[in-house]
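# Architecture at a glance
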Amino acid sequence: MPLIEAKNISHSFDYPLFNDINLSLDESETMSVTGISGSGKSTLMHICSTMLKPNSGEIRLFGEDIYSLSQKKLIKIRRDMVGIIFQAHYLFRGLSAYENLELSTILTGNKISEELIEKFKIKKTMNQKIGELSGGQQQRVSIARVLTKKPKIIFADEPTGNLDEKTADEVIKILFEYVKEVRGVLFLVTHEKELASRCKYSKDLSIKGLL
Ligand SMILES: Nc1ncnc2c1ncn2[C@@H]1O[C@H](COP(=O)(O)OP(=O)(O)OP(=O)(O)O)[C@@H](O)[C@H]1O
Ligand SMILES: [Mg+2]
């Protein structure tokens, strides 16, 4: 059974964004979504990640048709199984980096992983308030927070947007390793062709004719 399956997804806001998108990701598979700004990458990610019901089509996560589920069941899947790294990260600014990670553990009952803190090189930031951190540090804390939940499915919207090349590379490596380790899937939105090409599948939303 695929972990993510999208069938005939179409969506429009003021104008049609995409039509008839189909995709299917099994355990340990990765997919990139590319396309020019405004082509609908974030929208497609929100649709696939329980956040936005499409105008038409069906999204199945773990075989469940998510937008036919009760709100309660949908929230449970979102909380326990899905990790979403948003383009604009939503850390709580009044809290410290550590307290932000702690929130994930309260929701899911997992422990904060020292290993993750080491890997993301954010040990120094733990007692600082989010507002005192650099953009890149905030980005790394927000990704660490998502992985702290130990989700099977990772959705990541330009996760390395705020990072220098070397740090970006390290963070991407951690994401790919994580997906392999938990036999999960990675749905990666990026504008970087080289990064996109590291994924097993790629979808380019700019090329309307190929959709
Ligand atoms: N909630 C919304 N209501 C109305 N229009 C929206 C909404 N969300 C997105 N849009 C519009 O849909 C289009 C696609 O937006 P989206 O954020 O998916 O693009 P994107 O490919 O992720 O772009 P970027 O590379 O700049 O992040 C844009 O024109 C945007 O204004
Ligand atoms: Mg976007």
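In every chain, residue numbers begin from 1 and rise along the written sequence. As they are written, the chains are lettered A onward and the ligands numbered 1 onward, keeping that order. Per-residue local features of the predicted model are confined to residues with pLDDT of at least 70, and side-chain atom pairs are confined, for both listing and counting, to 80 or more; whole-chain, interface and lining totals are unaffected and use all residues.

### Structural notes on the overall build of the protein
We apply this condition: By definition, any uninterrupted DSSP run of H or I lasting at least four residues is a helix, any uninterrupted run of E lasting at least two residues is a strand, and each is numbered from the N terminus. The atom set for the radius of gyration is the C-alpha atoms, and the globule formula is 2.2 Å times the number of residues raised to the power 0.38. Whether a residue is buried, exposed or partly exposed follows from its count of other C-beta atoms within 10 Å of its own C-beta, namely 20 or more, 12 or fewer, or something in between, respectively; the C-beta atoms are built from the backbone. Two residues qualify as a contact pair if the distance between their C-beta atoms, derived from the backbone, is within 7 Å.
In terms of helices and strands, the protein carries seven helices and nine strands. Taken over the C-alpha trace, the protein has a radius of gyration of 17 Å; the compact-globule value for 211 residues is 17 Å, and the two agree within 12%. For the protein, the spread of C-alpha atoms along the principal axes amounts to about 50 × 35 × 35 Å. For the protein, the residues scored as buried account for 38% of the 211 residues in total. At a minimum sequence separation of 6, the contacts of the protein that also span at least 24 residues come to 71%.

### Things to note about the sheet that holds strand E2 (residues 16-25)
What counts, and what does not: Strands are treated as partners if at least two bridges between them are detected by DSSP. The angle between two axes is taken between their N-to-C directions and runs from 0 to 180 degrees, where each axis is a line fitted to C-alpha atoms and a helix contributes only its stretch in contact.
Within the open sheet, the four strands sit side by side as E2-E1-E4-E5. Their pairing is antiparallel. Since the sheet does not close on itself, it has two edges, and those belong to E2 and strand E5 (64-65), each with one partner. In terms of strand pairing, strand E4 (residues 56-61) meets E5 through two bridges, oriented antiparallel. What sits directly across from Leu61, in E5, is Glu64. Against the sheet, helix H1 (residues 41-48) contacts strand E1 (4-12), E2 and E4, and its axis sits at roughly 130° relative to E1.

### Let's talk about the site of ligand 1
We apply this condition: In this analysis, residues qualify as near a molecule or strand once their C-beta atom, positioned from backbone atoms, comes within 6 Å of it. Only Asp, Glu, Lys and Arg are considered charged in this grouping, and only Ala, Val, Leu, Ile, Met, Phe, Trp, Tyr, Cys and Pro are considered nonpolar; every other residue, Gly among them, is considered polar.
The environment of ligand 1 is made up of Phe13, Leu17, Gly35, Ser37, Gly38, Ser39, Gly40, Lys41, Ser42, Thr43 and Gln87. Among the residues forming the shell around ligand 1, the class breakdown is two nonpolar, eight polar and one charged.

### Things to note about the sheet that holds strand E6 (residues 82-85)
Ordered in space as E6-E7-E8-E3-E9, the five strands form an open sheet in which the pairing is parallel. Either end of the sheet is taken by a strand with one partner, and the two such strands are E6 and strand E9 (201-204). Averaged over all pairs of adjacent strands, the angle between their axes in this sheet comes to 15°, without regard to strand direction. Inspection of the sheet shows E6 paired to strand E7 (residues 153-157) by four bridges, in the parallel sense. Bridge pairing in E7 links Val82 to Ile153.

### Focus on unusual backbone geometry
We note that Phe62 has phi near 55°; this positive angle belongs to a residue other than glycine. Backbone geometry at Glu158 places phi at a positive 45°, although glycine is not the residue there. Topologically, Glu158 is positioned in the loop between E7 and helix H6 (165-182).

### What about the nonpolar core?
As a reminder, the rule being used: Remark: nonpolar core denotes a set of buried Ala, Val, Leu, Ile, Met, Phe, Trp, Tyr and Cys residues whose joining runs through C-beta atoms within 7 Å.
Ile4, Cys48, Phe155 and Phe187 are the most contacted members of the largest nonpolar core, which has 50 residues in total. Residues contacting Phe187, with those up to four places away along its chain left out, are Ile4, Met31, Met45, Cys48, Ile154 and Phe155.

### Side note on helix H5 (residues 135-148)
To keep it simple, the criterion reads: Helix span, as expected, comes to 1.5 Å for every residue beyond the first.
The terminal C-alpha atoms of H5 lie 20 Å apart, and with 14 residues this matches the ideal 20 Å at 1.5 Å per residue to within 8%. Within H5, twelve of the 14 residues are buried, leaving the element largely enclosed by the surrounding structure. Check the buried side of H5 and you find it contacts E6, helix H3 (97-108), helix H4 (114-119) and H6. Note on H5: the residue one or two positions beyond its end, Lys150, has a positive phi of about 60°.

### Regarding H3
What counts here: By arc we mean the arc of the directions from the helix axis to the C-beta atoms, nothing more.
Counted at 1.5 Å a residue, the expected span for H3 with its twelve residues is 16 Å, and the 18 Å between its end C-alpha atoms agrees. The complete set of buried residues in H3 reads Ala97, Asn100, Leu101 and Ser104. Take H3 and look down its axis: the buried residues cluster within an arc of 100°, on one side only. Those residues of H3 that are buried lie in contact with H5. Within two residues after H3, Gly109 carries a phi angle of roughly 80°, on the positive side.

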